[in-house]
Amino acid sequence: MHTLVYIFPFFCFTACGDGWGVAAVPFAVEEFRDPPVKFRPVPLWFWNDTEVDLEGVAYQLRSMVEKDGYGGCAILPFGRNFKPDYLGEEYMRIYTRAVEIADSLGVQMSLYDEYGFPSGSMGFSNADGIPRFKIAHPGKTIKRLDKREIPVGCGKTVELDLTTLSGKLMAVAAYDTASRRAESLRHFINDGKLVWTAPGEGNWKVMVFECVEDGKPRVDYLDPEAARLFIQDTHEKYYSAFGEKFASVITSTFFDEPTMYYAQGRMWTERFNDEFKARYGMEPDAFYPALWYDVGARTAAVRNMMYGLHSALYAEGFIKTVADWAESHGIPSTGHQDQEEVANTTCVSGDLMLDGKYMTVPGIDKIGGDRPAELVYKVVSSSANNWDKTGVMSETFGAMGNIPVEEMYRIAIEQYTKGITNLIPHAVWYDDSKVTFPPELSWRNPLYNRELPSFNTFLARLRYVLARPGRHVADIAMLYPVQTQYAGHRMDGELGPVRGGVAVDGTDYPEVSRILTDELGRDFTYIHPEVLDDRCSVSGGRLRMANRINWEQFSVLVLPGVKTMSLGNMKKVMRAWKNGVRIVFTTQIPCQSADYGVDDSVIAEMSRRMLSGTHGGRSAVFIAEPDPSSLAAALDGTDADVEFLSGGQPFNYLHKVMATEEGETDVYFIGNIDSEARSQEISLRGEYDDVRILNPHTGTCTSASTRISGGRTFLLLGLAPARSVLILAR
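Structure report, in brief. (Residues numbered from 1 in each chain as written. Predicted model: local features only at pLDDT ≥ 70, side-chain atom pairs only at ≥ 80, totals over all residues. Heavy atoms only, no water.)

**Thoughts on helix H5 (residues 224-233)**
Next, step 1: Within H5, seven of the ten residues are buried, leaving the element largely enclosed by the surrounding structure.
Next, step 2: Those residues of H5 that sit buried are Pro224, Ala226, Ala227, Leu229, Phe230, Ile231 and Asp233.
Next, step 3: Those residues of H5 that are buried are in contact with helix H4 (132-136), helix H6 (235-242) and helix H8 (299-328). (Buried < 20%, exposed > 50% of the residue type's maximum accessible area, 1.4 Å probe, protein only. Helix = DSSP H or I, 4+ residues; strand = E, 2+ residues; numbered from the N terminus. Contact = heavy atoms within 4.5 Å.)

Okay, structure coming up:
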């Protein structure tokens with residue numbers, strides 16, 4: 001019998017910090033060294049392009065657990081030749097057997113919701129090509145907004161028969177390219193016929209907008225009713241087979257790669273006008289041209305209304321509906337969008353932070369093929385911070401090829417220093433002779449089989465500590481510039497929908513993020529515009545985000561490439577400036593209003609006042625071309641939570657404060673993601689009497705040698721490449 005040595009007794013969510021009931025769970029050295037199985041990573045398990053059977057499933061699942069050290073699996077049926085038939089009787093019999101084996105082994109399963117991917121078709125893509133959802137529910141698949149333009153000469157009359165449209169009429173508008181004026185023509189329609197005479201001057205065109213079936217046989221992501229039908233045909237099928245195992249064996253749902261770049265980046269819904277009127281109290285007909293064209297001084301505000309609602313309908317459609325179902329069945333929902341790394345998310349994920357608001361566990365995908373998801377890890381983890389969620393998921397390693405094990409550690413360390421709490425490995429393959437997206441991460445692959453148990457234990461140790469509820473600590477807040485992206489976006493942009501359509505001028509937030517964390521060693525939290533309005537206050541020289549668990553306070557607020565802002569946000573920024581919060585503008589200065597009816601000059605004048613230093617407070621800082629030196633200069637003199645004093649490349653880090661029975665414990669995760677060994681003298685804000693260093697690579701725990709001076713604690717730390725430590729301080 002082992003005696004557990006307790007370090008600090010944390011209060012921990014019973015479901016590994018993924019958002020469920022609170023219980024006092026002591027942190028123990030022995031459990032850190034060999035974490036309980038529920039903390040081990042749960043990989044995607046491709047049942048790929050072959051016929052699976054009871055014997056093969058039983059052998060492989062046991063081997064994944066006993067040989068590789070995994071904590072379960074997420075079954076992903078895949079490929080044209082997969083058998084047995086998806087969701088058929090034999091399929092459910094084999095799947096149920098996998099659940100029984102997982103139960104007997106004490107491991108967990110995540111309910112992957114699709115045959116192939118992306119979620120929403122029930123087998124059309126990366127599968128057998130059968131559009132099961134569309135067959136079962138015609139009319140409930142993706143819709144597209146189409147536009148027809150008819151030039152009209154000055155003083156000329158146009159007559160259009162609108163009864164022959166193939167889709168639902170959304171708007172008819174006139175647009176003058178000379179004055180950039182747009183107006184609704186709805187009141188010129190009688191009995192389905194439009195009759196309108198153009199003014200005597202200008203360069204007019206009539207624009208007809210209709211919502212049509214796109215043809216892509218995936219669920220209408222913007223329609224909650226369509227999402228409920230998808231859940232009825234998939235999630236409910238599993239629940240009816242083994243619902244008694246939900247929350248004990250089936251511990252989450254997982255959706256994969258929904259996106260709005262389908263439908264040529266013009267995904268739409270017939271509900272849009274009704275939702276617009278309910279939200280804004282006006283009809284949107286005259287605003288449709290702004291989705292493509294500049295409509296003058298109100299363009300930024302109109303686009304923020306239109307695209308803002310568009311993003312909300314996406315987040316509140318499929319994503320929220322799945323999460324609501326999962327939580328009503330006692331389990332969290334997770335998953336991720338496609339193309340999260342695209343900076344202008346308007347026609348891709350809409351509003352990536354808002355998507356996370358409606359997930360139990362916000363997620364991201366780190367994949368091969370020059371897809372730099374590391375630039376937006378902080379967007380997803382900040383979404384969790386903003387809306388007081390504990391867990392953050394990353395599906396990782398897909399299509400990266402047979403990368404070195406050290407690179408796997410480096411990627412994981414970067415993710416966890418940037419707020420990820422649960423890495424889902426991609427992937428184990430049932431038929432390892434047909435691996436479509438390597439690596440194959442199982443005991444059968446000689447490149448990884450010796451290292452996998454240690455790597456998976458490393459991930460389990462990190463999750464054991466970092467997936468507990470606690471508040472994130474950073475001195476820097478950064479406004480998420482989604483309103484600027486909306487203002488600069490237009491449909492049918494030159495980049496194509498998969499790449500975001502339009503590279504919005506002045507976009508710099510991914511680069512500012514990278515400089516802060518990777519070059520200056522300064523962590524931060526993105527603040528969503530909604531959260532800045534609703535959850536943030538100003539007092540004592542700090543911008544304060546009020547949450548029950550993750551409350552944060554900031555002495556610096558960065559506005560990265562922000563050109564367009566709501567008046568409410570700008571008032572909060574000015575209040576922070578007057579209260580002594582350091583305000584830093586980068587690349588461009590706010591000068592446009594995101595609010596309909598608020599003149600751009602109001603926003604521009606407030607920016608000017610902060611930069612001039614008049615009317616209270618020190619001058620805000622403007623950096624025209626942000627780089628490490630200019631950002632460091634802008635932050636000079638601000639109180640840093642963590643400082644790296646030895647010069648050169650700093651380490652990456654995460655700081656959380658977790659509740660204990662005796663007060664609070666500060667937990668730091670510090671990692672070296674560089675290619676060279678580094679040594680740093682580290683200064684931690686606060687005077688700590690008891691500092692322990694936990695090594696997640698070996699499971700050891702040692703006391704740190706420290707000195708205290710001037711209200712700070714100092715220690716020396718050396719790390720080899722792709723190595724890390726956890727520091728627990730009280």
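Anyway, onward from the coordinates.
**Here's the deal with the sheet that holds strand S27 (residues 582-586)**
Next, step 1: What the five strands build is an open sheet, ordered S21-S20-S25-S27-S29; its pairing is parallel. Since the sheet does not close on itself, it has two edges, and those belong to strand S21 (524-527) and strand S29 (621-623), each with one partner. With strand direction ignored, the average angle separating the axes of adjacent strands in the sheet is 25°.
Next, step 2: With three bridges joining them, S27 and S29 adopt parallel strand pairing. (Pairing = 2+ DSSP bridges. Axes fitted to C-alpha atoms, helices over the stretch in contact; angles between N-to-C directions.)

**Points about the side chain of glutamine 680**
Next, step 1: Here glutamine 680 shows up in strand S33 (residues 678-685).
Next, step 2: Taking relative accessible area as the criterion, glutamine 680 reaches 2% and is therefore assigned buried.
Next, step 3: Engagement of the side chain of glutamine 680 in a polar contact is seen with the backbone oxygen of glutamine 649, the distance being 3.3 Å. (Polar contact = N/O pair within 3.5 Å; in protein donor to acceptor, adjacent residues only side chain to side chain.)

**Points about the packing of helix H7 (residues 272-280) against H8**
A pair of packed helices is characterised by two quantities: the angle between their axes and the separation of those axes.
Next, step 1: Closest axis-to-axis distance for the H7/H8 pair is 11 Å, and the angle between their directions is 110°. Classed by the angle they form, the pair H7 and H8 counts as roughly perpendicular. Note on packing geometry: the crossing formed by H7 with H8 is right-handed. Seen from H7, the contacting residues are Phe272, Glu275, Phe276, Arg279 and Tyr280; seen from H8, they are Asn304, Met305, Met306, Leu309, His310, Ala312, Leu313 and Glu316. (Parallel < 35°, antiparallel > 145°, perpendicular 65-115°, else oblique. Left-handed = near helix turned anticlockwise from the far one by under 90°.)

**Observations concerning the packing of aromatic side chains**
Next, step 1: Scanning the entire structure with this criterion turns up 55 aromatic pairs.
Next, step 2: The rings of Trp45, Trp47, Phe82, Tyr86, Tyr91, Tyr95, Tyr115, Tyr238, Phe242 and Tyr430 are connected pair by pair, giving a single aromatic cluster.
Next, step 3: Over the aromatic face of phenylalanine 524 sits the side chain of lysine 378, whose NZ or CZ is 5.2 Å from the ring centroid.
Next, step 4: The ring of tyrosine 409 carries arginine 723 above its face, with NZ or CZ at 5.1 Å from the centroid. (Phe/Tyr/Trp six-rings, centres within 6.5 Å; stacked < 30°, edge-to-face > 60°. Lys NZ or Arg CZ within 6 Å of the ring centre and 35° of its normal.)

**Description of the pattern of salt bridges**
Next, step 1: All told, the structure shown has 48 salt bridges when counted by the stated rule.
Next, step 2: Put simply, glutamate 681 and arginine 707 hold a salt bridge, and the shortest N to O gap is 2.8 Å. Of this pair, glutamate 681 sits in strand S33 while arginine 707 sits in strand S36 (residues 707-709), placing them 26 residues apart in sequence.
Next, step 3: Salt bridges sharing common partners tie together Asp475, Asp639, Asp641, Glu643, Arg685 and Arg712. (Salt bridge = Lys/Arg side-chain N within 4 Å of Asp/Glu carboxyl O.)

**A word on the sheet that holds strand S23 (residues 542-545)**
Next, step 1: Spatially, S22-S23-S24 is the arrangement adopted by the three strands of the open sheet, whose pairing is antiparallel. The open sheet has two edge strands, strand S22 (536-539) and strand S24 (552-554), and neither has a second partner. The mean angle between the axes of side-by-side strands here comes to 25°, regardless of whether they run parallel or antiparallel.
Next, step 2: Where S23 lies against S24, three bridges are found, and the strand directions are antiparallel. Bridged to leucine 543 within S24 is phenylalanine 554.

**Looking at unusual backbone geometry**
A negative phi angle characterises most non-glycine residues, just as the trans form characterises most peptide bonds.
Next, step 1: Here phenylalanine 117 and proline 118 are connected by a cis peptide whose omega angle stands at 5°.
Next, step 2: Residue histidine 426 is joined to alanine 427 through a cis peptide bond whose omega torsion reads 15°.
Next, step 3: When you line up the elements, alanine 427 lands in strand S18 (residues 422-429).
Next, step 4: A positive phi angle, close to 60°, is found at alanine 263, a residue other than glycine.
Next, step 5: In this fold, alanine 263 is placed in the loop between strand S13 (250-256) and strand S14 (267-268).
Next, step 6: In this structure alanine 263 comes out as buried when scored by relative accessible area, which is 3%.
Next, step 7: Positive phi values are uncommon outside glycine, yet aspartate 492 reaches one of about 60°.
Next, step 8: As for its position among the elements, aspartate 492 is in the loop between helix H13 (482-488) and helix H14 (509-519).
Next, step 9: Looking at aspartate 492, the relative accessible area reads 45%, which means it is partly exposed.

Geometry only, nothing functional implied.
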